[in-house]
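For reference, the chains in residue letters:
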Amino acid sequence: MQNKRIISAALTGNWGNKSNNPALPITPKEIAESAYEAVQAGAAVVHLHMRDEEGNPTMRADRFKETIALIKEKCDVIINMTSSGEHTLTSIASDDARVNPFYEVKPDMGSYDCGTMNWMHKTIFENSPQLLEKLGKAYLEIGVKPELEIFDGGMVYTTLYYLKQGILQKPLHYQFIMGAPGGLAATVDNLVYLKSLIPEDSTWSAAGLSVAHIPIMLATLGMGGHVRVGLEDNIYFEKGVLAKSNAQLVERANKIITAAGMQVATPDEAREILSLKKK
Ligand code: ZN
């Protein structure tokens, strides 16, 4: 398993819309189709955000359930559900609206953003101690593996605190999201620093936003990490050229992994690496 690399595809996110990139999947049907194509291209995990009928971010369980049912009709993949849907420039959903849908949807994994930060120099991405405690306990109760989303070094220390409290349990899985304005810059030095902070028996993955996408991917693969790609993080394929689909971004990661003499993990192999049970 040492040479296996998991590709996670972050398909939609909270922020973009079709005017930024017409390929961004918005409806349950579009997201499911995009997930299927991403899996065909090598993704073992899909990270899902939902939109309502108007295209606004939502944590509505019915939207997640409809989408996941459509995905499961077509392929086997690990479902990673966001807990930060409904984050807009003016508001973020209540703790209950972020936690309760997990009891209904019961995904394999759920995002766990380990601290509050200024987001894109525009708004506050609020992840209070109360939310982290409630969400962590819910994940334990339901059997959802937290994906510990890290935007700066202090957030890793927050995970160590909740590990001590028993609200997080080993083996931990980290996702370093680098280059978000308000968070740590996407440099290889910063990646080495973040990786140095996590418990040794953790698994980890990284995504560099924007121009740092490929450099962070290359460094991550060399350092033993897994990779995240997708239109949530990058609507461009290269400078000035919009990505045609999530699958196109997955396909490129697949080629890079293969060219580096590594193998792309299947969903079952990814379950083994992440210590997940098949649901
Ligand atoms: Zn997300």
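Since the model is a prediction, treat every value here as computed from it, not as a measurement.

Here we look at the coordination of the zinc ion
Taken together, His 47 (NE2), His 49 (NE2), Glu 232 (OE) and Glu 232 (OE) make up the protein donors of the zinc ion, found 2.0 to 2.7 Å from the metal. Considering all four donor atoms around the zinc ion, angles at the metal cover 52 to 132° and the coordination shape is irregular. Mapping the donors of the zinc ion onto the primary sequence gives the spacing H-x1-H-x182-E. The same class applies to His 47 and to His 49, which are both buried.

Quick word on the packing of helix α1 (residues 28-41) against helix α2 (residues 61-74)
At a minimum axis distance of 9 Å, the contact between α1 and α2 shows a crossing angle of 35°. Judged by the twist between their axes, the crossing of α1 over α2 is right-handed. Counting all contacts with α1, which are made through Pro 28, Lys 29, Ile 31, Ala 32, Glu 33, Ala 35 and Tyr 36, the residues of α2 involved are Arg 63, Glu 66, Thr 67, Leu 70, Ile 71 and Lys 74. Looking at the contact of α1 with α2 residue by residue, the class counts come to seven nonpolar, one polar and five charged.

Re empty space enclosed by the protein
Per the stated rule, a full pass over the model turns up one cavity of 30 Å³ or more. If you add up the space inside the largest cavity, you get close to 60 Å³. Looking at the largest cavity, the residues that line it are Ile 6, Ser 8, Val 45, Asn 80, Met 109, Glu 147, His 173, Gln 175, Ser 205, His 226, Val 227 and Leu 274. Looking at the lining of the largest cavity, the elements that each hand over two or more residues are β11 (173-178) and β13 (226-229).

A closer look at the nonpolar core
Ranked by size, the top nonpolar core spans 79 residues in total, and within it Val 46, Leu 48, Ile 71, Tyr 112, Tyr 174 and Phe 176 carry the most contacts. Each residue touching Val 46, except ones within four places of it in the same chain, is listed here: Ala 9, Leu 11, Ala 35, Ile 71, Val 77, Ile 78, Ile 79 and Asn 80. In terms of nonpolar packing, the next biggest core, distinct from the first, is built from ten residues, Val 45, Met 109, Ala 265 and Ile 273 among them.

Structural notes on the packing of aromatic side chains
Applying the stated criterion across every chain, the model contains nine aromatic pairs. The interplanar angle of 40° and the centroid separation of 5.6 Å between the aromatic rings of Phe 176 and Trp 204 together place this pair among those described as tilted. Of this pair, Phe 176 sits in strand β11 while Trp 204 sits in strand β12 (residues 203-208), placing them 28 residues apart in sequence. With respect to burial, Phe 176 and Trp 204 carry one shared label: buried. Grouped by ring-pair contacts, the aromatic residues Trp 15, Trp 119, Phe 125 and Phe 151 constitute a single cluster. Its guanidinium or amino end placed over the ring of Tyr 36, Lys 74 lies 4.4 Å from that ring's centre, counting from NZ or CZ. Sitting over the face of the ring of Phe 237, Arg 252 holds its NZ or CZ atom 3.9 Å from the ring centroid.

Re the pattern of salt bridges
Applying the stated rule across the entire model yields 15 salt bridges. Note that Glu 53 and Arg 63 form a salt bridge whose closest N and O atoms lie 3.4 Å from each other. Of this pair, Glu 53 sits in the loop between β4 (50-51) and β5 (57-58) while Arg 63 sits in helix α2; the two residues are ten residues apart in sequence, bridging distant segments of the chain. Of the residues examined, Arg 63 reaches a relative accessible area of 9% and is grouped as buried. In this structure, the salt-bridge partner of Arg 60 is Asp 62, at a minimum N-O distance of 2.9 Å. Accessibility expressed as a relative area gives 30% for Arg 60, which makes it partly exposed. Under the relative-accessibility criterion, Asp 62 is labelled partly exposed at 41%. In this structure, a network of salt bridges that share partners links the residues Glu 53, Arg 60, Asp 62 and Arg 63.

Procedures and definitions
- Residues numbered from 1 in each chain as written.
- Predicted model: local features only at pLDDT ≥ 70, side-chain atom pairs only at ≥ 80, totals over all residues.
- Heavy atoms only, no water.
- Donors = N, O, S within 2.8 Å, 3.2 Å for Na, K, Ca; no water.
- Tetrahedral: all angles 85-135°; square planar, octahedral: opposite > 155°, others 65-115°.
- Buried < 20%, exposed > 50% of the residue type's maximum accessible area, 1.4 Å probe, protein only.
- Axes fitted to C-alpha atoms, helices over the stretch in contact; angles between N-to-C directions.
- Helix = DSSP H or I, 4+ residues; strand = E, 2+ residues; numbered from the N terminus.
- Left-handed = near helix turned anticlockwise from the far one by under 90°.
- Contact = heavy atoms within 4.5 Å.
- Nonpolar A, V, L, I, M, F, W, Y, C, P; charged D, E, K, R; others polar.
- 1 Å grid on protein atoms, 1.4 Å probe; cavity = no way out; pocket = protein on both sides within 12 Å on 5 of 7 lines; lining within 4 Å.
- Points joined across faces, edges and corners; volume = space filled by probe spheres on them.
- Core = buried A, V, L, I, M, F, W, Y, C linked by side-chain atoms within 4.5 Å.
- Phe/Tyr/Trp six-rings, centres within 6.5 Å; stacked < 30°, edge-to-face > 60°.
- Lys NZ or Arg CZ within 6 Å of the ring centre and 35° of its normal.
- Salt bridge = Lys/Arg side-chain N within 4 Å of Asp/Glu carboxyl O.

Note that all results are geometric; they support no functional claim without further evidence.
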